[in-house]
Amino acid sequence: MQDQFDIIEKHTQWGLDLVEKYVKFVKERTEIEQNYAKQLRSLVKKFNPKRGTKEDQDCKYTHYQSFLDILNEMNDYAGQREVIAENMMMNICIELTKYSQDIKHERKSHLLDGRKSQQLLESSYKLLENSKRRFEREWREAEKAGLNAERIDQDINATKADVEKAKQHANLRAHIAEECKNDYAAQLQKYNKEQNQFYFTDMPQIFNKMQDMDERRIKKLADGYRTFADIERRVIPIIGKCLDGINKAADVINEKNDTLTLIELNKSGFERPIDLEFEDYSQGINRTASDSSLGTPKTPADSRIDHRATMKNKNKLWPFSKKNKLPPPPLLPLNAYSCPSSSSLAVNGPPSPKFSRDPLSYCLNEINKTVKPRISSFRSLRRTPTNSEDFSHLPPEQRRKKLQQKIDERNKELQKELDQRDALNKMKDVYQKTPQMGDPNSLEPQIIQTMNNIERLRLESYLLNAEGRQMNRSDTLKYNAHYNQTTTINNNNGSLEKDSPEAAHSDDSSQDNISQPIYAEFDDDFEEEESILPIGQCTAMYTFDGSSEGTISMAEAETFNVVEEDKGDGWTRVRRANGDEGYVPTSYVKITLHKK
């Protein structure tokens, strides 16, 4: 291969091109892995639930939690693909690129040495050729001068001086030719030596170095091939764990538990509705004895009011009825517009009832305005608009859970503020004992702010607890009212035959109601509120059916005690002599307040 320098040069260049081609291949592979991992992460992010949404509640189901676990495993799987791409980039692409640059420099050095040796040999050969041509030329000239001297010597006409001159010229040319011959011989000997040095020493050494370089390049490329497989093989156990995690997520699914969780999360707490009673309209105004709690006939107006109150109680017990807010106060009867005083009262009717007000939402709004709001009674806080923060739109059972959750959150925040207060107090004591560490007065604003936060959180927690107790109390009152109504019907039906259908139905309803749960938890503040003294009296100017929840029916000319006057929303809270309370339109009654 000493004479195949160009072939060796091309082969080594082809080897370097192969290394660069492999590096380019691995780079494109890493780009594919990175794009794959990126798409997997985007997919996981797309299907991951967002905080504060309904999906937080769905996490209680095992099959949904398993789906989230699968998303986490896929996220880890994407991370392993990124590890593959990163390791390939670091251990193959960067490593081989750096090694290729070193090989290029080494190859360039070897090629320069080879070309230098070739140039030296070629220069020596040119000198040899020049000396050879000179020797040839001088030798011909010497032969020509010798022949010329012999010709003059034999010429009889030539003088002795011409003969001597020709001989001297011939001898000079012969001497010059001999010198050129010696120079040619010396140059030939030198060239042969350099040629032997080139082919037997210099070029073999250069080729051996290039051979070693090429072998090292091939070995490094083989290591790159091996690393390509090892990098992926190292993450296969972790990928296997991700797949095992997906199998485990599928195994932990409990379909029975999920259905029970659905029931627990969505049970409303409403009792089953009672059976509807048969209303015989064919009897006209002659009602049966069960229509009156005293066993005496009722007037048509009283019967209408009692019938509407019964229908109102039925609507309250129906769990699938819409819990919408009460409509705005009804318009006055047509005959009322002829009276100026009545018309002026109708103008003041705002669009929202008192029953839609809630103490929790009121206090949460007031806390944002001031730290110490003045609250006279919790019932009076119903004047503020309903806010979703009090969960009034939820059924009782769900509302209790939400309120308990909110109470726990407030308690955590309160404990955090208490810890911060203790820390600030300790820091203040340290500053007082060691003034050079800081000014104790600089902590006063933070301490004041922390105390305000503690007071606010305590008030919120107290109100939330009160709201929960009020819910229990409200359920108990509803049950007692329904139970008393059923008991009254059963007592009035005592004159009926025991074997009659009405008596049997009353007995069944009474037995069903007895089995209903009774909440016996009360709050002292609400017990004291029941004893609020009337602030005046009012007389109904028109009949009002009180079909909406929170209102009370009234007949024309009926008298009530005023418990709470109209605050601007068009409704007045009144109380009957028997203790029944509710709201009536302010424009329907004539109010007389007690003098203070």
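Numbering of residues begins from 1 in every chain and follows the order in which that chain's sequence is written. Whole-chain, interface and lining totals are the exception, using all residues; otherwise, since this is a predicted model, local features are given only for residues with pLDDT of at least 70 and side-chain atom pairs are given and counted only at 80 or more. Computation of side-chain values: all heavy atoms of the structure, hydrogens and water removed.

- Under an unreviewed UniProt entry, the name given to the protein is CIP4 protein, and the source organism is Polypterus senegalus.
- UniProt positions are given in the numbering used here, feature names are shortened, and annotations may be inferred rather than shown by experiment. Under the UniProt heading Sequence similarities (unreviewed entry), the note attached to the protein is "Belongs to the FNBP1 family."

**Looking at the pairing of strand 2 (residues 559–564)**
In the case of a regular strand, side chains alternate between the two sheet surfaces.
Thought 1: DSSP bridges decide pairing: two strands pair if at least two such bridges lie between them. Secondary structure follows DSSP: runs of H or I at least 4 residues long count as helices, runs of E at least 2 residues long count as strands, and numbering of each begins at the N terminus. The pairing of strand 1 (residues 536–540) with strand 2 spans four bridges and is classified as antiparallel. Its bridge partner lying in strand 2, Thr539 is registered against Thr559.
Thought 2: Inspection of the sheet shows strand 2 paired to strand 3 (residues 571–575) by three bridges, in the antiparallel sense. By the bridge assignment, Glu564 is partnered in strand 3 with Arg573.
Thought 3: Taking the residues that link successive antiparallel strands as the turn, the strand 2-strand 3 hairpin has six residues, and the phi of Gly568 there is positive, at about 115°.

**Quick look at a nonpolar patch on the surface**
Thought 1: Taken together, Leu43, Phe47 and Phe67 make up a surface patch of nonpolar side chains, about 260 Å² in accessible area.
Thought 2: Locating Leu43 in the fold gives a position in helix 1 (residues 5–47).
Thought 3: The exposure class of Leu43 is partly exposed, given its relative accessible area of 43%. Patches were defined on residues exceeding 30% relative accessible area and lacking a salt bridge, with like-charge contacts within 9 Å and nonpolar side-chain contacts (Val, Leu, Ile, Met, Phe, Trp, Tyr) within 5 Å. Each accessible area is a Shrake-Rupley result for a 1.4 Å probe, and residues are judged covered by the shown protein chains and nothing else. Throughout this description, the term salt bridge denotes a Lys or Arg side-chain nitrogen within 4 Å of a carboxyl oxygen of Asp or Glu. Summary of the burial criterion: residues with accessible area below 20% of their type's maximum are buried, those above 50% are exposed, and those between are partly exposed, where the area comes from a 1.4 Å probe applied to protein chains only.

**Examining the packing of aromatic side chains**
Thought 1: Put simply, two rings from Phe, Tyr or Trp (the six-membered ring, in Trp's case) pair if the centres are within 6.5 Å, and we call them stacked under 30 degrees between planes, edge-to-face over 60, tilted for the rest. Under the definition given, this model contains 13 aromatic pairs.
Thought 2: An angle of 50° between the planes, with centres 5.2 Å apart, marks the rings of Tyr125 and Tyr191 as tilted. Taken together, the residues Tyr125 in helix 3 (residues 62–154) and Tyr191 in helix 4 (residues 160–251) connect sequence positions 66 residues apart.
Thought 3: By relative accessible area, Tyr125 is classed as partly exposed at 39%.
Thought 4: Residue class for Tyr191 comes out buried when judged on its relative accessible area of 10%.
Thought 5: Aromatic ring contacts, followed pair by pair, group Tyr22, Phe25, Tyr225 and Phe228 into a single cluster.
Thought 6: Two conditions define a charge located above a ring, namely a distance within 6 Å from the ring centre to NZ of Lys or CZ of Arg, and an angle within 35 degrees of the ring normal. Between Lys220 and the ring centre of Tyr99, over which it is positioned, the NZ or CZ distance is 5.7 Å.

**Digging into the sheet that holds strand 5 (residues 589–593)**
Thought 1: Pairing in this open sheet of five strands is antiparallel, and the strands run 4-3-2-1-5 from one edge to the other. Two strands bound the open sheet, and with one partner strand each, they are strand 4 (581–585) and strand 5. Averaged over all adjacent pairs, the angle separating strand axes in this sheet is 40°, with direction ignored. Where helices are involved, their axes are fitted lines through C-alpha atoms of the stretch in contact, as for all axes, and angles between N-to-C directions lie from 0 to 180°.

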